[in-house]
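Here is how the chains run, residue by residue.
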Amino acid sequence: MNRRGFLQLLGATGAAALMSSCNRVNSVVGTLSSPTNLIRFPEKTEMIFLTDRPPQLETPIHYFRQDLTPNEAFFVRWHLEGLPTSVDLRTFRLNVSGHIRQPLQLSVDELGSQFEPVSIIAVNQCSGNSRSFFEPRVPGGQWKDGAVGNAKWTGVPLKSILDRAQVRSGAVDVSFNGLDAPPLPSVSDFVKALSIDHARDGEVMIAYAMNDQPLPMVNGFPLRLVVPGWYGTYWVKALSDVTVLPHAFSNFWTDKAYRIPNGPNGTESPKDLAKDTVPINRFNVRSIFVRPDPDEILHPGMPTEIEGIAFDSGYGIRRVEVSTDGGATWADARLDSEIGKYSWRRWRAAWTPRSRGQYRLMARATNVVGDTQSKEQWNRSGFMWNVIQQVDAKVG
Amino acid sequence: MSPKTKSVVLSLGLAALVSGCGHPSNISKEADHGIANAKMESMLDLEADSPVHTIVMPHDEPVFPPGPGRDEFVTACVVCHSPRYITMQPRFSRTTWLGEVNKMKDVYGAHISDEQVLRITDYLVSINGKAGTGHAPKGAYGE
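Read on for an overview of the structure. Note that this is a predicted model, so its numbers are computed, not measured.

As for the overall build of chain A
Piece 1. Along its length, chain A carries five helices and 27 strands.
Piece 2. Relative to the globule expectation of 21 Å for 396 residues, the C-alpha radius of gyration of chain A, 22 Å, shows essentially globular dimensions.
Piece 3. Along the longest, intermediate and shortest principal axes, the C-alpha atoms of chain A span 70 × 50 × 45 Å.
Piece 4. Within the span of chain A, comprising 396 residues, buried residues form 51% of the whole.
Piece 5. A fraction of 68% describes how many contacts in chain A between residues 6 or more apart in sequence connect residues 24 or more apart.

In structure tokens form, the structure reads like this:
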């Protein structure tokens, strides 16, 4: 991207900035959990409304019929009420400091003009996506399957920035802080970290564009950390501070929060909680139906196409099997061509239901290292859901 | 947040609570539509090249039924988060709700006494509770 193109990209934010004098809505307790409860945030389309402050907005599934999730429909999840609502690009700087020789303060314009831009198509998924399906239910954001999205991210490899900052020997971790701030001094600021080797792997990047547009404010404008194959908790939004550390990073959000049982697929029993836990990390493998639509009525003898998406943490999807009889028999779905190792991959299966009635559809993805989806899963935080999805199709 | 980034305006809770948007009505018709229709009153930023990017967040104000503990709930909880953080949850047992309220006090530092913890728990159970002892998650954070 040349400098002019980059400035045009940034200039587009002005026109996109939606202003509003008073966005108050009222609702009544008891009607809130309606699945049709939608809300529109600035720069966003109508999204499934979980919470407003801080916002948690879920993508309606039909958007996953597109390979790239539109920015306006991409899911939103913030931890702290004090999220940025205004950023001045004249004064905003990405600060790189800590165990380095050359501290940096880079404007977004400098990131775009002084570094070779790279792009990657990658899935971002909330750790708690699909939490509402765990049984027994667990507290937290009650997502269905829409706290995930796939986008083309453009920006600068974190390695390039760290190289310019000249990391000193003995670096252990790199921490990432955004512009969001806690509502009380007792609440830990939301800061996450990666190991120095992960931070310098050449794939982790600082993105200033999402699907060739500036990021919506609630998706992390102006900069967002992109950690391909890892859960969204690491994808720090409105990234402002990168700190290289000569010791292991430690804070509430790493030591206490976002931890999973240290066992297969992060699973434990409600009656016997795991004592050994580790920070959540790479995506497990899963698939999600995007067709038929839940409200669609199919017809006997009429050919239809079942469709879905499947992804993992970057090994690659090898196979997706589909059942239309509740798991009694399975057949391979056709895989669309791969559009990136960290992208999701679309699959399709032709199906002609023979007679009227209700059919239980299931889909099971397997990746190239043999990981597949589970039949049962539970953990106390409601993370990493990848139980084989079941969808009821109506034929009438 | 870095102290160097003074250009950033934060939407802090108290500011939102005292914003001049008038008072919430007691009866919501919008909720009947199933669509929380934020009155956007939007306008495009006329300065397309503006380096300042600003949004105004909508906020939802659920109308909560009266009951013991309601005042403590409204005062102590919504300082940091929307009450939708409660109403989006499934019905939980008293054990689970008590665990959640204690987590807010002990882990996140909510300014509430032990007495208020119990009154808030009573209220949450009354509006979104279920019978039984249920499951009390221990060490579940960041969800």
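Remarks on the nonpolar core
Residues and elements named next belong to chain A.
Piece 1. L57, M205, I206, A207, L225 and V226 are the most contacted members of the largest nonpolar core, which totals 124 residues.
Piece 2. A per-element tally of this core places strand β14 (residues 205–210) first, with six residues.
Piece 3. Both domain 1 (3–257) and domain 2 (286–395) contribute no fewer than three residues apiece to this core.
Piece 4. Residues in contact with I206, not counting those within four places in the same chain, are L111, G155, V156, L158, I161, L223, L225 and L239.

Let's talk about the environment of A274 of chain A
Residue and element names in this part refer to chain A.
Piece 1. By the element assignment, A274 lies in the loop between β17 (259–261) and β18 (277–279).
Piece 2. Each C-alpha atom of the pair A274 and R380 lies 9.4 Å from the other, and the pair is 106 residues apart in sequence.
Piece 3. For A274, the residues in contact, after removing those within four places along its chain, are P261, N262, G263 and E268.

Quick notes on the sheet that holds strand β6 (residues 76–77) of chain A
All names here are of chain A.
Piece 1. Spatial strand order, β3-β4-β5-β6: four strands in an open sheet with antiparallel pairing. Both outer strands of the open sheet, β3 (38–40) and β6, are each paired with one neighbouring strand and no more.
Piece 2. Across three bridges, the pairing between β3 and strand β4 (residues 46–52) is antiparallel. Note on β4: the bridge partner recorded for I39 is M47.

Points about helix α4 (residues 94–106) of chain B
All names here are of chain B.
Piece 1. Compared with an ideal rise of 1.5 Å per residue, which puts 13 residues at 18 Å, α4 spans 18 Å between its outermost C-alpha atoms and is within 8% of the ideal.
Piece 2. When we look at burial in α4, the residues that qualify are T96, W97, E100, V101 and M104. Each buried residue of α4 lies within a common arc of 130° when the element is viewed along its axis, so the set occupies one face.

Things to note about the pairing of strand β27 (residues 389–395) of chain A
Piece 1. Sheet topology note: the strand β20 (residues 297–298) of chain A/β27 of chain A ladder contains two bridges and is parallel. Residue L298 of chain A lies in a different strand from β27 of chain A, and its bridge partner there is V395 of chain A.

Some details on unusual backbone geometry
Residues and elements named next belong to chain A.
Piece 1. A cis geometry characterises the amide bond from E135 onward to P136, with omega recorded as 0°.
Piece 2. Relative to the assigned elements, P136 resides in the loop between β10 (118–125) and β11 (148–157).
Piece 3. Cis geometry marks the peptide bond from R291 to P292; its omega dihedral reads 0°.
Piece 4. With respect to the helices, strands and loops of the structure, P292 is situated in the loop between β19 (286–291) and β20.
Piece 5. Of note, the phi angle at D212 is positive, near 65°, even though the residue is not glycine.
Piece 6. Structurally, D212 can be placed in the loop between β14 and β15 (224–226).

Some remarks on helix α5 (residues 114–128) of chain B
Owing to its 3.6 residues per turn, the α-helix brings residues three or four apart onto one side.
Piece 1. Counted at 1.5 Å a residue, the expected span for α5 of chain B with its 15 residues is 21 Å, and the 21 Å between its end C-alpha atoms agrees.
Piece 2. Buried positions along α5 of chain B lie against α2 (70–76), α3 (84–87) and α4 of chain B.

About the cut-offs
Residues numbered from 1 in each chain as written. Chains lettered and ligands numbered in written order. Predicted model: local features only at pLDDT ≥ 70, side-chain atom pairs only at ≥ 80, totals over all residues. Helix = DSSP H or I, 4+ residues; strand = E, 2+ residues; numbered from the N terminus. Rg over C-alpha atoms; globule rule 2.2 N^0.38 Å. Buried ≥ 20, exposed ≤ 12 C-beta atoms within 10 Å, placed from the backbone. Contact = placed C-beta atoms within 7 Å. Core = buried A, V, L, I, M, F, W, Y, C linked by C-beta atoms within 7 Å. Domains from an automatic or database assignment. Pairing = 2+ DSSP bridges. Expected span 1.5 Å × (residues − 1). Arc of directions from axis to C-beta.

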